[in-house]
Structure formats: structure tokens, C-alpha cells
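# Structure assessment
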Amino acid sequence: MRVCKSADAALSLCSRDPSKVLGVTVGSYNVTPGQFIPRGEAQAIPEISFSTTTTTANKTYLLVSIDLDGPFPSFSILSPILHWIQPSLHPTPSNDNTTTTLKANAPFIANWIGPEPPPGSGPHRYVFLLYEQPEGFEVQRYAPGAGKEMGIWGRVRFDLDGFEREVGLGEVVAVNYFLSN
């Protein structure tokens, strides 16, 4: 099992600082940290939002989503499994000005793949980590060419800590997660 220090630290934010909980809407679910969502209802690309008091209108954000429990929570040798990297997210204030929806204006690096734990697995943790995107970040350097989707081997045992260092990501701005199997 690969240790994912930044994800472990970020998950503790959900309970320590409620202002750091990322808004994640999957299908008809507005995710509260640790909520269970059946796999069939978690396949649509999530919508991401955040409190207007925390996001900055002129900042650009990058989202990473990983599964910390593949293939089984008790035997997670393939973890973390990358489920999504979406750069170039820009804040769009909501009608009530209390939340900001984050909309992308660039292609994904890794397309969203919904939960698919193997039969007999317990619930997996699907974590969403929001970062400020570094100035000068080059999406094309990390994205598969010609808009192709990332294959499974680029996702298995994803080195989140290494990706953070390579890209120059700072601390996690917001985090959320749900359970599914």
C-alpha cells in the first residue's frame, strides 16, 4: 500500500475546519464528508463548488480525485487510484453569493471515472482535493495528447505526493470525500 501523506492530512481538514469542506455534487447528492453513495448513482462528472469566503475570484484552481482503497480497503496495493485531474477551474459566483461554482476552461488531464470497486469489496473512499493552480502551469505537459482519455495504468498507484511536488502545488485549499461500493 502506497502512503499518501497529503491526502491523509487533507482528510483531517473535513473534521477540523468545516470551512475547508469542498462542495461536491454527484448526481442528486450534495456530498457531506464520508457520505455513502451507491456506485450507480456516482458515475456522472461531479460539480465542484466552494464558499465565496475562501475562493478568490482571480485565482485558478486544480482538482485531483483519488480512490484510497483499491482494490479492497483491507488490501489496497493498487492505491491510490487516480479518478480525475481537472485543471483551470475558475470561480463563478452563485445567485446567492454564498458559494462559488468552479468551471473549467481547459481540458482535463485525467478524465473522471466513477466508482467501480470489485465485487465483494467494502466501501472505498473517493477523495476530492482542491489546490490553487500554480502560475505558468502547462496543462499540455501532463494531459494525454489529442484529448484522449487516460488509461488505467496511468491511474493505478498514482503518486499524489510526487505529483504535488512536480507541479508545485501548495497546500490543499479544500477537500471532501464520499464512500461507494
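Scroll up for the structure.
Residues numbered from 1 in each chain as written. Predicted model: local features only at pLDDT ≥ 70, side-chain atom pairs only at ≥ 80, totals over all residues. Heavy atoms only, no water.

## Description of a nonpolar patch on the surface
How we decide: Patch membership needs two things, relative accessible area over 30% and no salt bridge, and members are linked within 9 Å if like-charged or within 5 Å if nonpolar (Val, Leu, Ile, Met, Phe, Trp, Tyr). Per-residue and other accessible areas were derived by the Shrake-Rupley procedure at a 1.4 Å probe size, with only the shown protein chains allowed to occlude residues. Salt bridge, as applied in this entry: a Lys or Arg side-chain nitrogen positioned within 4 Å of an Asp or Glu carboxyl oxygen. Starting at the N terminus, helices and strands are each numbered in turn, a helix being any DSSP run of H or I of at least four residues and a strand any DSSP run of E of at least two.
Together, Phe 75, Ile 77 and Leu 78 make up a nonpolar patch on the protein surface, roughly 250 Å² of accessible area in all. In this structure, Leu 78 sits in the loop between strand 5 (61-67) and strand 6 (81-93).

## Examining the sheet that holds strand 1 (residues 23-26)
Each strand in a sheet pairs with another by means of backbone hydrogen bonds, the pair being arranged parallel or else antiparallel. Rules: Strands are treated as partners if at least two bridges between them are detected by DSSP. Any two residues whose heavy atoms approach within 4.5 Å are treated as being in contact. Lines fitted to C-alpha atoms define the axes, with helix axes restricted to the stretch in contact, and inter-axis angles between N-to-C directions lie between 0 and 180 degrees.
Ordered by their spatial adjacency, nine strands build an open sheet running 2-1-4-7-6-5-8-9-3, and the pairing between neighbours is mixed. Only two strands of the sheet have a single partner each, and these edge strands are strand 2 (29-30) and strand 3 (35-36). Where strand 8 (residues 124-132) meets strand 9 (residues 174-180), seven bridges bridge the pair, whose relative direction is antiparallel. Looking at the pairing, Val 127 lines up with Tyr 177 of strand 9. Running over the sheet, helix 1 (residues 5-16) touches strand 5, strand 8 and strand 9 and is turned about 95° from strand 9. Where helix 3 (residues 160-167) meets the sheet, its contacts fall on strand 5, strand 6 and strand 8, and the angle it forms with strand 5 comes to roughly 165°.

## Topic: the pattern of salt bridges
Enumeration according to the criterion identifies four salt bridges in this entry. A salt bridge links Arg 125 to Asp 69; the nearest nitrogen and oxygen atoms lie 2.8 Å apart. Residue Arg 125 is found in strand 8, and its partner Asp 69 is found in the loop between strand 5 and strand 6; the two are separated by 56 residues along the sequence.

## Comments concerning unusual backbone geometry
With an omega of -5°, the peptide bond between Gly 70 and Pro 71 qualifies as cis. Mapping Pro 71 onto the fold places it in the loop between strand 5 and strand 6. Here the bond from Ser 79 into Pro 80 is cis, since omega is -10°, no more than 30 degrees from zero. Take Pro 80: it is sitting in the loop between strand 5 and strand 6.

## Focus on the environment of Asp 69
Note the cut-off: The buried label goes to any residue with under 20% of its type's maximum accessible area, the exposed label to any with over 50%, and the partly exposed label to all in between, with areas taken from a 1.4 Å probe on protein chains only. In protein, a polar contact means a hydrogen-donor-capable atom and an acceptor-capable atom, both N or O and within 3.5 Å, with residues adjacent in sequence counting only if both atoms are side-chain atoms; elsewhere, any N or O pair within 3.5 Å suffices.
With a relative accessible area of 4%, Asp 69 lands in the buried category. A sequence separation of 22 residues divides Asp 69 from Pro 91, and the C-alpha atoms of the two residues are 31 Å apart. Apart from residues lying up to four places away in sequence, Asp 69 is in contact with Ser 76, Ser 79, Pro 123, His 124 and Arg 125. From its side chain, Asp 69 meets the backbone nitrogen of Arg 125 in a polar contact 2.7 Å long.

## Some details on the nonpolar core
Cut-off, in case you're wondering: By nonpolar core we mean a set of buried residues, namely Ala, Val, Leu, Ile, Met, Phe, Trp, Tyr and Cys, connected to one another through side-chain atoms within 4.5 Å.
Counting residues in each nonpolar core, the largest one holds 27 residues, and the members touching the most others are Val 64, Ile 66, Ile 85, Leu 129, Leu 160, Phe 163 and Val 175. Where this core is concerned, the elements lending two or more residues are helix 1, strand 5, strand 6, strand 8, helix 2 (139-142) and helix 3. No other element matches the five residues that helix 1 contributes to this core. Residues in contact with Ile 85, not counting those within four places in the same chain, are Leu 62, Leu 63, Val 64, Phe 108, Ile 109, Ala 110, Phe 158 and Phe 163. Of all hydrophobic cores here, the second largest spans 21 residues; its members include Phe 50, Leu 63, Leu 102 and Phe 128.

## Digging into the packing of aromatic side chains
Two numbers describe a pair of aromatic rings. These are the distance of the centres and the angle of the planes. To be explicit about the condition: Stacked, edge-to-face and tilted labels apply to pairs of Phe, Tyr and Trp rings (six-membered ring for Trp) whose centres lie within 6.5 Å, assigned for plane angles under 30 degrees, over 60, and everything in between, in that order.
This structure, assessed with the given rule, holds seven aromatic pairs. Ring centres 5.9 Å apart and planes at 80° place the aromatic pair Tyr 142 and Phe 163 in the edge-to-face group. Placement of the pair is Tyr 142 in helix 2 and Phe 163 in helix 3, with a sequence separation of 21 residues. The exposure classification of Tyr 142 matches that of Phe 163, with both residues buried. The interplanar angle of 50° and the centroid separation of 5.7 Å between the aromatic rings of Phe 158 and Phe 163 together place this pair among those described as tilted. Take Phe 158 and Phe 163: they sit in the same class, and that class is buried. Members of the aromatic cluster, each reached through a chain of ring pairs, are Trp 84, Trp 112, Tyr 126, Phe 128 and Phe 178.

## Here we look at the pairing of strand 6
Most of strand 6 is tucked away, with 10 of its 13 residues classed as buried. By the bridge criterion, six bridges tie strand 5 to strand 6 in an arrangement that is antiparallel. By the bridge assignment, Asp 67 is partnered in strand 6 with Ile 81. In the sheet, strand 6 pairs with strand 7 (residues 99-104) via five bridges, with the strands oriented antiparallel. Looking at the pairing, Leu 89 lines up with Ala 104 of strand 7. Count of turn residues in the strand 6/strand 7 antiparallel hairpin: five residues, of which Asn 97 carries a positive phi of about 60°.

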